[in-house]
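Next come the chains, spelled out residue by residue.
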Amino acid sequence: MEFDRFHHFASLLIEDDFVLTYSGYVTEDILQAIGDTLRQQLLVKSHNRNQVRNLFSVFVELMQNVIRYGDEGPQPSLSTPAQKPVGLVLVAQNGQQINLLTGNYVTNDEANALQEKVNFLNTKSAEELRQIYYERLRQPPDNASKGASIGLIEIARRSSTPLQCAIKDTGEDCCFIMIKAGV
Amino acid sequence: MEKLTLAATARTPEIIFDPAAGKLLLDGESYPEDVSRFYQPVMEAVNAYLTEAGATLTVEIKLIYFNSSSARALTELCDLFDARAADGANIQIIWFCDDDDDITREFAEDLDIDLEHVQITIAKLSEHG
């Protein structure tokens, strides 16, 4: 990457009042390291402890979503044989609201399934989400059922605006999926 | 029966299970990489104790944060308490949560509705202020 492109990348970030951004391989250790930093930074920026709690929760569930369902994507692979999920996360402040975006590569089927789940959850009220969450807890985890995963329901419950989801085709057998939550 | 103590880590809570005192404490954060592997030994130890005649247990849950996978493990743990209480164990659960943490309080309330032989008392989590 040339300095010009690198600077362009940096200037895009500065346009938003961003709190934190990361891009690269996503692992549980990285989740923890960024999560700790994020929580410390937010406690300084926001005096609303409930907002910090909800944001941290959304962050963990989104990152674990990337770790579980993520794909390495089309970029040149490292020499390690195991596929590692690659993702981007951006936390930006817009007035009182803090937005959290993740983007990562998943198979086309998984992207479509995730989009459907987001659309489904967006039709539900807070009380309905509470019921769906609790029902889902008592079902076996990660079976192939159509029900939304418990993590996604948690994200929907802790967000203050409807979840947004967009998919970009990569021209290969995976696509880039982006999820945006506002807390 | 031996005491089980697990020190807290960044992603897992401190666990103190003291059969002699009849106490179980979960205190801290809970978003382990492998939830089952973390909670399984705790469930096994607690279950072995609760099957003894006249077992009494006070459970204190002081989790600052737990992820959705941990919520599933906590549900299993409470179901286990309910089953052993049905067999005669004397168990009480105190769930500490922040006043403004509606979602955690609702979770504890929803669990309580399903438990027939154990009651969850909700208390204020204050010391982590």
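Residues numbered from 1 in each chain as written. Chains lettered and ligands numbered in written order. Predicted model: local features only at pLDDT ≥ 70, side-chain atom pairs only at ≥ 80, totals over all residues.

Undergrad: Can you help me understand the overall build of chain B in this one?
TA: Scanning chain B from terminus to terminus reveals 3 helices and 6 strands. Helices and strands in chain B line up, N terminus first, as β-β-β-α-β-α-β-α-β. Its C-alpha radius of gyration of 14 Å places chain B within 12% of the 14 Å reference for a compact globule of 129 residues. Across its three principal directions, the C-alpha atoms of chain B cover 40 × 30 × 25 Å. Expressed as a percentage of the 129 residues in chain B, the buried residues total 39%. The long-range share in chain B, meaning contacts at least 24 apart out of those at least 6 apart in sequence, stands at 64%. (Helix = DSSP H or I, 4+ residues; strand = E, 2+ residues; numbered from the N terminus. Rg over C-alpha atoms; globule rule 2.2 N^0.38 Å. Buried ≥ 20, exposed ≤ 12 C-beta atoms within 10 Å, placed from the backbone. Contact = placed C-beta atoms within 7 Å.)

Undergrad: Help me understand the interface of chain B and chain A, please; the structure alone is not making it clear to me.
TA: Interface size is commonly expressed as the accessible area that is lost once the parts come together. Each side of the interface is counted separately: chain B has 15 residues, and chain A has 21 residues. Going through the elements one at a time, α2 (68-86) and α3 (102-114) of chain B are the ones with two or more residues in the side of chain B that touches chain A. The biggest single contributor to the side of chain B that touches chain A is α2 of chain B, with 4 residues.

Undergrad: Before we go on, may I ask you to explain helix α1 (residues 35-50) of chain B in this structure?
TA: Since there are 3.6 residues in each turn of an α-helix, residues three or four apart along the chain are aligned in direction. With 16 residues, α1 of chain B should cover 22 Å at 1.5 Å per step; its first-to-last C-alpha distance of 22 Å lies within 8% of that length. Structurally, α1 of chain B contributes buried residues whose contacts are with β2 (14-18), β3 (23-30), β4 (56-66) and α2 of chain B. (Expected span 1.5 Å × (residues − 1).)

Undergrad: Help me out: how do you make sense of helix α5 (residues 126-137) of chain A in this one?
TA: Residues and elements named next belong to chain A. Between its terminal C-alpha atoms α5 stretches 16 Å, which fits the 16 Å expected from 12 residues at 1.5 Å a residue. Tyr133, Tyr134 and Arg136 are the residues of α5 that are buried. Buried residues of α5 fall within an arc of 160 degrees about the axis and therefore sit on the same side. Exposed side chains of α5 directed beyond 90 degrees from the buried face belong to Glu127, Glu128 and Gln131. (Arc of directions from axis to C-beta.)

Undergrad: Explanation requested: the confidence of the model for chain A in the structure shown.
TA: Detailed reading of predicted coordinates is not advised where the pLDDT is low. For chain A, the average pLDDT comes to 86, and 89% of its residues sit at 70 or higher. The weakest mean pLDDT in chain A belongs to strand β1 (residues 17-25) of chain A at 85; the strongest belongs to strand β4 (residues 164-169) of chain A at 95. (pLDDT = per-residue confidence, 0-100.)

Undergrad: Looking at this structure, I do not really get the nonpolar core. What am I missing?
TA: Burial of nonpolar side chains together is a common tendency in soluble globular proteins. Leu55, Phe59 and Leu100 of chain A together with Ile93 of chain B are the most contacted members of the largest nonpolar core, which has 73 residues in total. Counting residues per element, this core draws most heavily on helix α3 (residues 49-69) of chain A, which supplies 10 residues. Filtering out sequence-adjacent residues up to four positions away, Leu100 of chain A remains in contact with Leu55, Val58, Phe59, Leu62, Val91, Ala181 and Val183 of chain A. (Core = buried A, V, L, I, M, F, W, Y, C linked by C-beta atoms within 7 Å.)

Undergrad: Which parts of the structure should I look at to understand the sheet that holds strand β5 (residues 90-97) of chain B?
TA: Backbone hydrogen bonds hold the strands of a sheet together, and the pairing may be parallel or antiparallel. Residue and element names in this part refer to chain B. Here 6 strands make up an open sheet; going across it, the order is β1-β2-β3-β4-β5-β6 and the pairing mixed. Each edge of the open sheet carries a strand with a single partner, namely β1 (4-6) and β6 (120-124). Looking at each pair of strands side by side, their axes are set apart by 15 degrees on average, direction ignored. Two elements, β5 and β6, share 5 bridges in a ladder whose sense is parallel. From the neighbouring strand, Phe96 faces β6, where its bridge partner is Ala123. In the packing of α3 onto the sheet, the strands contacted are β5 and β6, and the crossing angle to β6 comes to about 160 degrees. (Pairing = 2+ DSSP bridges. Axes fitted to C-alpha atoms, helices over the stretch in contact; angles between N-to-C directions.)

Undergrad: Honestly, the sheet that holds strand β3 (residues 97-107) of chain A in this entry has me stumped. Any pointers?
TA: Residues and elements named next belong to chain A. Pairing is antiparallel across the open sheet formed by 5 strands, whose spatial order is β1-β2-β3-β5-β4. Looking at which strands have only one partner, the edges of the open sheet turn out to be β1 and β4. Across this sheet, the average inter-strand angle for adjacent strands is 15 degrees, counted without regard to direction.

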